[in-house]
Each structure stands twice: as C-alpha cells, then as structure tokens.
Amino acid sequence: MERVGMTVCCSHTGYRTTMDVMRLASKPVIFSHSNPLGVWRHKRNIRDEAIRACAVTGGVVGINGIGTFLGTNDNRPETVVEHVDYVVQLVGPEHVGFGLDFVFDSAELDEYLRSNPQMFPAEDAFKDGIRMVPPESLRSITAGLLARGYRATELRKILGGNFMRVARATWPR
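About the thresholds
Once a new chain begins, its residue numbering starts again from 1 and follows that chain's sequence as written. Selection of residues for local features in this predicted model requires a pLDDT of at least 70, selection of side-chain atom pairs for listing and counting requires 80 or more, and totals for whole chains, interfaces and linings are taken over all residues. Working from all heavy atoms in the structure, the side-chain values ignore hydrogens and water. Only protein chains enter the accessibility calculation, which uses a 1.4 Å probe; a residue is then buried when its area is under 20% of its type maximum, exposed when over 50%, and partly exposed in between. By definition, any uninterrupted DSSP run of H or I lasting at least four residues is a helix, any uninterrupted run of E lasting at least two residues is a strand, and each is numbered from the N terminus. Any two residues having at least one pair of non-hydrogen atoms within 4.5 Å are treated as being in contact. By definition, no residue in a patch forms a salt bridge, and every one has over 30% relative accessible area; like charges are joined within 9 Å, nonpolar side chains (Val, Leu, Ile, Met, Phe, Trp, Tyr) within 5 Å. Each accessible area value is a Shrake-Rupley result obtained with a 1.4 Å probe; residue values ignore everything except the protein chains displayed when judging cover. In what follows, salt bridge is the name for a side-chain nitrogen of Lys or Arg lying within 4 Å of a carboxyl oxygen of Asp or Glu. DSSP bridges decide pairing: two strands pair if at least two such bridges lie between them. To get an axis, fit a line to the C-alpha atoms, keeping to the stretch in contact for a helix; angles then go from 0 to 180 degrees between the N-to-C directions. In this scheme Phe, Tyr and Trp rings, the latter by its six-membered ring, pair at centre separations within 6.5 Å, and the angle between planes marks the pair as stacked below 30 degrees, edge-to-face above 60, and tilted otherwise. Both a distance and an angle decide whether a charge sits over a ring: NZ of Lys or CZ of Arg must be within 6 Å of the ring centre and within 35 degrees of the ring normal. Helix span, as expected, comes to 1.5 Å for every residue beyond the first. Two axes enter the bend calculation: one fitted to the seven residues ending at the residue in question, the other to the seven starting there, and the bend is the angle between them.

As a further point, take helix α2 (residues 48-56). In an α-helix, one full turn covers 3.6 residues, which means residues spaced three or four apart are oriented alike. The complete set of buried residues in α2 reads Ala50, Ile51, Ala53, Cys54 and Ala55. Of the surrounding secondary structure, the elements contacted by the buried residues of α2 are α1 (15-24), β2 (29-31), β3 (60-63) and α4 (77-91).

Structure, rendered in structure tokens:
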C-alpha cells in the first residue's frame with residue numbers, strides 16, 4: 001500500500017493485524033474513524049497501545065461520531081470532546097483528527113438496520129437507529145476544546161492539519 005501511495009488505515013482491522021501494520025509501517029498510518037477504548041469499552045474501539053503505536057508512525061486517530069462507539073448511543077459534542085482529549089493526553093495533538101463517519105440519509109440507514117438485524121451485533125442496540133454526530137457539531141466540539149484550554153495551533157492540527165500532514169507524507173507527488 002505504501003509503495004503505490006495509499007494511506008494505510010487500521011479502522012477496520014483487529015488488534016493483532018493493527019500491531020503488525022504499525023510494526024512494519026515506514027510511513028504514517030491512520031485510524032480514519034476510531035475511538036479510544038480507554039473512554040468507552042466497545043469491541044470496535046482501539047486500545048491505548050494501538051493509539052501509541054499509530055503515533056510512533058506519525059499517524060492520526062480520527063475520532064468518529066457514531067453514538068454506539070462514543071457511549072450508549074451518545075452523540076453529544078461533549079462526549080466527542082472527551083474522546084479527543086483522551087487521545088491528546090495520551091499521544092499529543094499532532095495525532096488526533098476527526099472521522100465522524102456521518103450518514104446524511106439517516107432514514108435509509110435506519111431502515112437498512114431494521115431490515116438486516118443479522119448483520120449487526122445485538123449488543124450494539126441498532127434496533128432504535130444510530131445516533132451520529134453531525135458535521136455542524138464541529139463548532140460546539142471546537143468550543144468545548146477551547147474551554148479545556150486548547151490553543152488555535154492545536155485546533156488547526158486536530159481540525160484537518162494532521163490529516164493533511166499524513167496525506168503529504170503518504171500520497172505520491
């Protein structure tokens with residue numbers, strides 16, 4: 001993947017594969033849309049060890065906005081702020097971004113979930129739909145980070161600068 005200019009993403013890999021990728025990577029690796037297990041215990045969230053390994057590659061963890069990965073189907077901006085701050089405290093503001101994973105046609109998604117319950121784990125409680133953090137919540141999320149003392153330089157990195165840095169390092173010129 002690195003050889004052909006693809007940015008390597010581990011959001012849909014298991015722990016062992018993730019750690020193998022991190023060990024073998026020569027360029028930054030990302031989690032395009034993943035949340036820290038240290039904030040919310042969900043089997044899809046990622047361990048601190050994987051977050052640290054991602055940072056060692058120069059990579060970025062993109063915090064997602066899917067409620068079941070943030071909390072109990074929680075889509076509040078304050079919850080996203082908690083996830084961002086946790087990763088920043090763990091590895092620094094150079095390794096955090098956003099990958100909200102938002103679906104604009106939520107009615108279609110809800111119907112798909114209702115029609116295909118066998119495809120989704122029962123413990124995720126998708127039967128009532130998925131709450132998502134909409135992109136317009138980024139203003140509230142930014143305000144929450146400012147209230148926690150984040151500086152403008154850190155926010156520019158978190159709000160897109162970190163992913164731009166990774167793209168420049170991984171995409172062919």
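Structure's up, so let's keep going.
For the rest of this paragraph, the subject is a nonpolar patch on the surface. A surface patch of nonpolar side chains, amounting to about 300 Å² of accessible area, comprises Met1, Val4 and Met6. If you trace the backbone, Met1 turns up in the segment before β1 (8-9). A relative accessible area of 51% means that Met1 is categorised as exposed.

Now for the pattern of salt bridges. Applying the stated criterion across every chain yields a total of 7 salt bridges. Ionic pairing is found between Lys157 and Glu94, a salt bridge with its closest N-O pair at 3.3 Å. Residue Lys157 is located in helix α7 (residues 152-170), and its partner Glu94 is located in the loop between α4 and β4 (96-98); the two are separated by 63 residues in the primary sequence. Note on Lys157: relative accessible area 31%, which makes it partly exposed. Connected through shared salt-bridge partners, Asp74, Arg76 and Glu78 make up one network.

So, on to the sheet that holds β1. Reading across from one edge, β1-β2-β3-β4 is the order of the 4 strands in this open sheet, with parallel pairing throughout. The two strands at the open ends of the sheet, each matched to only one other strand, are β1 and β4. Both β1 and β2 contribute to a ladder of 2 bridges, which runs parallel. Paired with Val8 across the two strands is Val29, which belongs to β2. α2 rests against β2 and β3 of the sheet, and its axis sits at about 140° to β2.

Scanning all chains against the criterion turns up 1 aromatic pair. With centroids separated by 4.8 Å and ring planes inclined at 85°, the aromatic side chains of Phe102 and Phe104 adopt a geometry described as edge-to-face. Of the residues examined, Phe102 reaches a relative accessible area of 25% and is grouped as partly exposed. Note on Phe104: relative accessible area 69%, which makes it exposed. A cation sits over an aromatic face here: Arg47 above Tyr15, 3.7 Å from the ring centre.

Let us look at unusual backbone geometry. For residues besides glycine, phi is generally negative; the peptide bonds are generally trans as well. The residue Asn73 is not glycine, and still its phi comes out positive at about 50°. With respect to the helices and strands, Asn73 occurs in the loop between α3 (67-70) and α4. A positive phi angle, close to 60°, is found at Asp101, a residue other than glycine. With respect to the helices, strands and loops of the structure, Asp101 is situated in the loop between β4 and α5 (106-115).

Here we take up α7. With 19 residues, α7 ought to run about 27 Å at 1.5 Å a step, and its terminal C-alpha atoms sit 26 Å apart, in line with that. The axis of α7 is deflected most strongly, by about 60°, at Gly160. Regarding α7, the residues found buried are Glu154, Leu155, Ile158, Asn162, Val166, Ala167 and Thr170. For α7, the elements touching its buried residues are β2, β3, α4, β4 and α6 (138-147).

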